[in-house]
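# Examining the three-dimensional arrangement
Chain residues, written in single-letter form:
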Amino acid sequence: KLPTFQPNGKPETEFYYGASSDASGNLYFPTQNGILKYDYHHFKRIDQELSIITQYDPYTNTTLAGQENGLAFISIDGQKKVYKDASKNLIITRPTCFEFKNESEIWVGSWENLVVFDRKSGTFSDINRLFNQAPEDGVISMDKDAKGNVWLGGTDGLWYFNQKTNQFTNLNSDTFQT
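This part covers the sheet that holds strand β11 (residues 114-118). Taken together, the 4 strands give an open sheet; going across it, the order is β9-β10-β11-β12, and neighbouring strands pair in antiparallel fashion. Pairing within the sheet leaves two strands with one partner each, and these edge strands are β9 (95-100) and β12 (123-126). In this sheet, neighbouring strand axes are inclined to one another by 30 degrees on average, regardless of whether the strands run parallel or antiparallel. Summarising the sheet, strand β10 (residues 105-110) and β11 pair through 5 bridges and their orientation is antiparallel. Considered in β11, the bridge of G109 is made with L114.

Applying the stated criterion across every chain, the model contains 5 salt bridges. E68 is paired through a salt bridge with R94; the nearest N and O atoms lie 2.7 Å apart. Here the residue E68 occupies a position in the loop between β6 (62-67) and β7 (70-74), and R94 occupies one in the loop between β8 (80-84) and β9, the gap between them amounting to 26 residues. A relative accessible area of 28% places E68 in the partly exposed class. A salt bridge links K144 to E99; the nearest nitrogen and oxygen atoms lie 3.9 Å apart. Taken together, the residues span a long stretch of sequence, with K144 in strand β13 (residues 139-144) and E99 in strand β9 at a distance of 45 residues. Residue classification places E99 among the buried positions, given a relative accessible area of 8%.

For the rest of this paragraph, the subject is the confidence of the model for the protein chain. Per-chain confidence: the protein chain averages 88 in pLDDT, with 91% of residues scoring 70 or above. Mean pLDDT across the elements of the protein chain ranges from a minimum in strand β4 (residues 43-47), with 86, to a maximum in β11, with 95.

Considering all chains together, one arrives at 18 aromatic pairs under this definition. Between F73 and Y83, the ring centres sit 5.9 Å apart and the planes meet at 90 degrees, which makes this aromatic pair edge-to-face. With F73 in strand β7 and Y83 in strand β8, the pair connects residues that are 10 residues apart, well separated along the chain. Through successive ring pairs, a cluster of aromatic residues spans Y16, F29, Y38, Y40 and F43.

Every other side chain in a regular strand lies on the same face of the sheet, so the side chains alternate between the two faces. Within β10, 5 of the 6 residues are buried, leaving the element largely enclosed by the surrounding structure. Of the strand pairs in this sheet, β9 and β10 are connected by 5 bridges, and their pairing is antiparallel. Considered in β10, the bridge of E99 is made with W107. Linkage of β9 to β10, two consecutive antiparallel strands, is achieved through a turn of 4 residues.

Moving on, we get to the nonpolar core. By size, the foremost hydrophobic cluster in this structure holds 27 residues, and its most contacted members are W107, L152 and F168. Looking at this core, the elements with two or more residues in it are β7, β9, β10, β11, β13, β14 (150-154) and β15 (157-162). Here this core takes 4 residues from β11, the largest share from any one element. Counting 6 residues, the second largest nonpolar core, distinct from the first, contains Y28, I35, A65 and I74.

Rules used throughout
- Residues numbered from 1 in each chain as written.
- Predicted model: local features only at pLDDT ≥ 70, side-chain atom pairs only at ≥ 80, totals over all residues.
- Heavy atoms only, no water.
- Pairing = 2+ DSSP bridges.
- Helix = DSSP H or I, 4+ residues; strand = E, 2+ residues; numbered from the N terminus.
- Axes fitted to C-alpha atoms, helices over the stretch in contact; angles between N-to-C directions.
- Salt bridge = Lys/Arg side-chain N within 4 Å of Asp/Glu carboxyl O.
- Buried < 20%, exposed > 50% of the residue type's maximum accessible area, 1.4 Å probe, protein only.
- pLDDT = per-residue confidence, 0-100.
- Phe/Tyr/Trp six-rings, centres within 6.5 Å; stacked < 30°, edge-to-face > 60°.
- Core = buried A, V, L, I, M, F, W, Y, C linked by side-chain atoms within 4.5 Å.

Here is the structure:
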């Protein structure tokens, strides 16, 4: 039988935004009241801040969580390392999606834009400062295909990043043939 999560002895009423798992199989559920971790025995709240997305980071063996104006890397024992966009102009609200571009870069999508997090410096940059053409509005989802290309969807339409040419293409309705 699965355990129930009942904070303060009351039935759970949180809004769940998704789920992810780490290398050990623990599950992470971002909610309006923080992140719940399930280790197949117990639920435990490991964070109190609203998060819309969590995703396993294979480069650091941590779980990445999108938080207000930034990111949190959460270790398997629940320790957090938080990076905030001090300007509050790049990550205006909470991230909606992540893509691990390589060991040093994480692309971070939000309802407003797409930014790059540089692990070495711990800073955020607007993607449009790095590329001539890139999504300018919200990026809600991203996924890397088998060839390493990144597909992005959001308020600015569907975009494709070609890994070989290092270029973005906006795939509008004229691009698709039925």
